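# Chain and residue survey
Below, each chain spelled out in residue letters.
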Amino acid sequence: MKLAAVPQIAGRAEGEVLKLEQPISFWGGVDPKSGRISDPRHPDHDREIAGRILVLPGMIGSSSSSYIMLELMAIGRAPAALVLAEPDAILGLGVVVAREMDYGSIPVLILPREAQSALKTGARARIEQDGGIYAETSR
Amino acid sequence: MAMRILAEMGRMLGADRLIPVASAHIDGALYHGDSGVHFAERLVAGGAKVAVPSTLNVGGLDLLDPDNVKADAHRHDMALRLMRAYETMGCRATWTCSPYHAGHRPAFGQDVAWGESNAVAFCNSVLGARTNRYGDFLDICCAIAGRAPRYGLHLPEKRRATVLIDSSAISPALKRLDVFYPVLGCWYGAEIGGEIGVIDGLPADCSEDQLKALSAAVASSGAVGLFHVAGRTPEAPTVTAACGGDVPARTIRLTPEMLRAARDRLSTVTGETIDAVALGSPHFSLGEFDALEALLPGKRIRIPFFVCTGRNVVAELERRGRLAPLKQAGVTVVADTCVVVAPILPAKAGVLMTNSGKFAHYTPANTGYAVVYGSLADCVASAATGRVMRDETVWQ
């Protein structure tokens, strides 16, 4: 199955999909040391985002989330890619700064919420330079 | 580097150009890991200076009373280096998340570049200045360039409300109470999210502290940079004005049941156990200290009781001889930082009570404490008796 997402930051990645059930604030929601979801109220609490194709239905909360994103990039605990429902000024910023600091880069794609429903947690997915997401259909 | 980041973000966000900004409020000086220190020090090494008046949000240390923060040596050194790097770039050492109560009040319609989610919401919604939710690092880049990408809430057409929140079914008595505003904000952030709403029916004379509490709660529970309060937000004298002359696309009639559900979400435990109290997110104002002091006589605080505030307020308290009596009453005043961003609470986690929607939101993940939400009076009464006391009658 191929989904056409719009790259905010282009790149290639491969990994297991983790689709969050609810919006999240990375600051106060993701532990910057372990890359695990630390908010006990979040339905995906304790899941690891490091190395995942992270699909987010929305962002909430803190403007410090870009710092958490940068820190995850710096210590190698970042997701393999971010798939956001709408353009976002916070997480993509963490990736832009990471590139300046030579911490590497990851693709950041925009895929509207309705189209995100095709992506399932646990499935393998591959992201191409043009924003194409190739995902396993069943699992 | 700052200009490259600014240009790249402008491209990503679809801005057609950069616009001048009058001021900045900068949230990047709070330590969350070494990467942010290296970034700030690289800017300093390149000779970067802010081009517009820039205030600083909280840091990771209490520079006035260092013993309040129990950081290990590495964390302490890095947090301090980070704070000093931002000072070196010419930012004002305000160290507060309530910059609007520390003399930083941009004018109605002015474009600014602010970080810190509560401050962004307050700046847009109460002051009527224009800023997007600038994340850590972009705020300082905007301050250095004196410019911000022209998109989002800088554009009048993107500030129009599309959702009307009708609060006429909520009792006027409840709407006068401070305890109402964080709960309203918690409901709003989760329900309205990234849309722009106009809240109708709030008292025209609701206080700035109430609107501050509302700003913090909406921004903690949703991606909210602007909400309109009809009759209060400068560009929203009426619902129609908030909607840019149009009618709202939809209307939600707020009910007491919705509010009670939101209030319950602010707590993670029920029961009588309480181990600490924390107030002051956003940072406590002088007016809020007045209210706290009025509740203290005749009570003995039995548990750790923290009030987080700005150093501008600490200086005022000291000047008026109010700081020592607060300490004698068992109140720990924390400046420059707060209990959810720095290791301040006693190490053995328990139950924290707060009157802040923002503390209620972030306490469990950031401190390990469970949380109970109540009014200021509830917090003081609970701290004096050692068990959770909440006045439930106001929600009936």
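Everything that follows concerns the structure shown earlier in this document.
First things first, this report covers the structure right here in the doc. (Residues numbered from 1 in each chain as written. Chains lettered and ligands numbered in written order. Predicted model: local features only at pLDDT ≥ 70, side-chain atom pairs only at ≥ 80, totals over all residues.)

### Brief notes about the overall build of chain A
Note the threshold: Here a helix means four or more residues in a row that DSSP labels H or I, a strand means two or more in a row labelled E, and each is numbered from the N terminus.
When helices and strands are tallied, chain A shows three helices and eight strands. In sequence order, the secondary structure elements of chain A are arranged as β-β-β-β-α-β-α-β-α-β-β. Along the first, second and third principal axes, the C-alpha atoms of chain A reach 35 × 35 × 20 Å.

### Notes on the overall build of chain B
Rules: Atoms counted for the radius of gyration: C-alpha only. Globule rule: 2.2 Å times the number of residues to the power 0.38. Put simply, a residue is buried when 20 or more other C-beta atoms lie within 10 Å of its own C-beta and exposed when 12 or fewer do; between those, it is partly exposed, and each C-beta is set from the backbone.
Scanning chain B from N- to C-terminus turns up 15 helices and 14 strands. In summary, chain B has a C-alpha radius of gyration of 21 Å against a globular reference of 21 Å for 396 residues, a match within 12%. Taken over the C-alpha atoms alone, chain B extends approximately 60 × 55 × 35 Å along its principal axes. For chain B, the residues scored as buried account for 55% of the 396 residues in total.

### Focus: the interface of chain A and chain B
Applied cut-off: A pair of residues counts as a contact when their C-beta atoms, built from backbone coordinates, are separated by no more than 7 Å.
The interface is formed by 31 residues belonging to chain A together with 39 residues belonging to chain B. Sorting the residues of the side of chain A that touches chain B by element identifies helix H1 (65-74) and helix H2 (91-100) of chain A as the ones contributing at least two each. A per-element tally of the side of chain A that touches chain B places H1(A) first, with seven residues.

### Notes on the sheet that holds strand E14 (residues 370-373) of chain B
Residues and elements named next belong to chain B. To be explicit about the condition: DSSP bridges decide pairing: two strands pair if at least two such bridges lie between them. Structural elements are reduced to axes, namely lines fitted to C-alpha atoms, with helices fitted over the stretch in contact, and the angle between N-to-C directions of any two is expressed from 0 to 180 degrees.
Overall, parallel pairing links the five strands, which are arranged E12-E11-E10-E13-E14 in an open sheet. Every other strand in the sheet has two partners, leaving strand E12 (332-335) and E14 as the edge strands with one partner each. Across the sheet, the mean angle from the axis of one strand to that of its neighbour is 25 degrees, orientation sign disregarded.

### Description of the sheet that holds strand E6 (residues 108-110) of chain A
Residues and elements named next belong to chain A. Within the open sheet, the eight strands sit side by side as E1-E8-E7-E3-E4-E5-E6-E2. Their pairing is mixed. The open sheet has two edge strands with one neighbour each: strand E1 (2-4) and strand E2 (6-9). Within this sheet the neighbouring strands show an average axis-to-axis angle of 30 degrees, counted without direction. As paired elements, strand E7 (residues 124-127) and strand E8 (residues 132-135) share three bridges and run antiparallel to each other. What sits directly across from Ile127, in E8, is Ile133.

### Regarding the packing of helix H1 (residues 2-13) of chain B against helix H5 (residues 138-145) of chain B
The relative placement of two packed helices comes down to the angle between their axes together with the axis-to-axis distance. Residue and element names in this part refer to chain B. Threshold: Oblique is the label for every angle not falling under 35 degrees (roughly parallel), over 145 degrees (roughly antiparallel), or within 65 to 115 degrees (roughly perpendicular). It is the rotation of the near helix from the far one that decides the hand of a crossing: anticlockwise by less than a right angle makes it left-handed, clockwise makes it right-handed. Note that Gly is not counted as nonpolar here; it falls among the polar residues with everything else outside the nonpolar set of Ala, Val, Leu, Ile, Met, Phe, Trp, Tyr, Cys and Pro and the charged set of Asp, Glu, Lys and Arg.
Taken N-terminus to C-terminus, the directions of H1 and H5 make an angle of 115 degrees; their axes are 9 Å apart at the nearest point. By the angle class used here, H1 and H5 are roughly perpendicular. The two elements H1 and H5 cross, and the hand of that crossing is left-handed. Of the residues in H5, those in contact with Ala2, Met3, Ile5, Leu6 and Met9 of H1 are Leu138, Cys141, Cys142, Ile144 and Ala145. For the contact of H1 with H5, the class distribution of residues is ten nonpolar, no polar and no charged.

### Details of the packing of helix H4 (residues 117-127) of chain B against helix H8 (residues 208-221) of chain B
Residues and elements named next belong to chain B. The geometry of H4 relative to H8 is characterised by a closest axis approach of 8 Å and an angle of 125 degrees between their N-to-C directions. Relative to H8, the element H4 is oriented oblique. Once H4 is placed against H8, the crossing between them reads as right-handed. Seen from H4, the contacting residues are Ser117, Asn118, Val120, Ala121, Phe122, Ser125 and Val126; seen from H8, they are Glu208, Leu211, Lys212, Ser215, Ala216, Val218, Ala219 and Ser220. Broken down by class, the residue content of the contact of H4 with H8 amounts to eight nonpolar, five polar and two charged.

### Notes on H1(A)
Of all ten residues in H1(A), ten are buried, a share of seventy percent or more. All of the buried residues in H1(A) are A:Ser65, A:Ser66, A:Tyr67, A:Ile68, A:Met69, A:Leu70, A:Glu71, A:Leu72, A:Met73 and A:Ala74. If you follow the buried residues of H1(A), they end up packed against H2 of chain A together with helix H2 (34-45) of chain B. Once H1(A) finishes, A:Gly76 follows within two positions and takes phi at roughly 75 degrees, a positive value.

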